[in-house]
Amino acid sequence: MIVSDNGTEYTSNAILAWADETGVGWRYIAPGKPQQNGYNESFNGRLRDELPNETLVRSLPHARAVPETWRRDYNQERPHSKLGWMTPRDYARTLSGESGWRAENPDLSARRPLATPANQGSDQPRTLVMAG
């Protein structure tokens, strides 16, 4: 399921047709309630702070290359607090039990599911704090 706001980019006929064709569920947050999709809002804020506010685009190819470079860094090289300050690459490697080229190649699927009965959830101390 995809959760999004009601922006025109998410309510177009093309997006809705794609969701119907692929069987992806789509849920909209209440208008004016970005806190209902906090993960996305946090990501969007980080993306805005690090790309358009910091990048002078020189050409259309450059405008396409810069976000791809940022995406690869964010998804492979940058440590994330939710992963115990490990990079996504290292975290996937620890869960999959694989090493080397296969574990580092983001275009290949892991041979076994990352969430197995033995490691459901997170055992990272930073994520075990109870709310409330």
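Just so you know, these numbers come straight off a predicted model, no measurement behind them.

Calculation rules
- Residues numbered from 1 in each chain as written.
- Predicted model: local features only at pLDDT ≥ 70, side-chain atom pairs only at ≥ 80, totals over all residues.
- Heavy atoms only, no water.
- Helix = DSSP H or I, 4+ residues; strand = E, 2+ residues; numbered from the N terminus.
- Buried < 20%, exposed > 50% of the residue type's maximum accessible area, 1.4 Å probe, protein only.
- Contact = heavy atoms within 4.5 Å.
- Areas by Shrake-Rupley, 256 points an atom, 1.4 Å probe, with all protein chains shown as cover.
- Salt bridge = Lys/Arg side-chain N within 4 Å of Asp/Glu carboxyl O.
- Phe/Tyr/Trp six-rings, centres within 6.5 Å; stacked < 30°, edge-to-face > 60°.
- pLDDT = per-residue confidence, 0-100.
- Polar contact = N/O pair within 3.5 Å; in protein donor to acceptor, adjacent residues only side chain to side chain.

## Section: the overall build of the protein chain
- Tallying secondary structure elements over the protein chain gives 5 helices and 2 strands in all.
- Going residue by residue from the N terminus, the α and β elements of the protein chain occur as β-α-β-α-α-α-α.
- Buried residues in the protein chain amount to 17% of all 132 residues.
- The long-range fraction of contacts in the protein chain, counting pairs at least 24 apart against all pairs at least 6 apart in sequence, stands at 30%.
- Taken as a whole, the protein chain presents about 9,900 Å² of accessible surface, with 55% of it coming from carbon and sulfur.

## Quick word on the pattern of salt bridges
- All told, the structure shown has 6 salt bridges when counted by the stated rule.
- The salt bridge involving R78 is made with D73; its shortest N-O contact spans 3.3 Å.
- Of the charged contacts in the structure, one is a salt bridge between E77 and R89, with a shortest N-O distance of 3.0 Å. Here E77, found in helix α3 (residues 60-77), pairs with R89, found in helix α4 (residues 88-96); they are 12 residues apart in sequence, far enough to count as distant.
- Judged by relative accessible area, which is 41%, E77 ranks as partly exposed.
- Connected through salt bridges with shared partners, the residues E50, D73 and R78 form a single ionic network.

## Some points on the packing of aromatic side chains
- Overall, the coordinates contain 2 aromatic pairs when judged by the stated rule.
- Ring centres of W26 and Y28 lie 6.5 Å apart, and the angle between their planes is 45°; this geometry places the pair in the tilted category.
- Accessibility expressed as a relative area gives 28% for Y28, which makes it partly exposed.
- Each ring, one from W70 and one from Y74, has its centre 5.0 Å from the other, and the planes form 15°; the classification is stacked. With W70 and Y74 both in helix α3, this residue pair falls 4 residues apart, about one helical turn.

## Topic: the confidence of the model for the protein chain
- Here the protein chain shows a mean pLDDT of 75. Residues at 70 or above account for 73%.
- Scored below 50 in pLDDT, residues 109-117 makes 10 contacts in the model with residues more than four places away or belonging to other chains.
- Per-residue pLDDT stays below 50 along residues 119-132; that stretch engages in 11 contacts with residues further than four places along the chain or on separate chains.

## Describing unusual backbone geometry
- We note that W85 has phi near 65°; this positive angle belongs to a residue other than glycine.
- With respect to the helices, strands and loops of the structure, W85 is situated in the loop between α3 and α4.

## Notes on the side chain of S4
- Along the chain, S4 falls in strand β1 (residues 2-4).
- In this structure the side chain of S4 is engaged in a polar contact, spanning 2.9 Å, whose partner is the side chain of W26.
- If near-sequence neighbours (up to four positions away) are discounted, S4 is found in contact with Y10, W26, R27, Y28, I29 and N37.

## Some thoughts on the environment of V3
- Mapped onto the elements of the fold, V3 is located in strand β1.
- Spatially, the C-alpha atoms of V3 and Q36 are 9.1 Å apart, while their sequence positions differ by 33 residues.
- Setting aside chain neighbours within four positions, we find V3 in contact with R27, I29 and N37.

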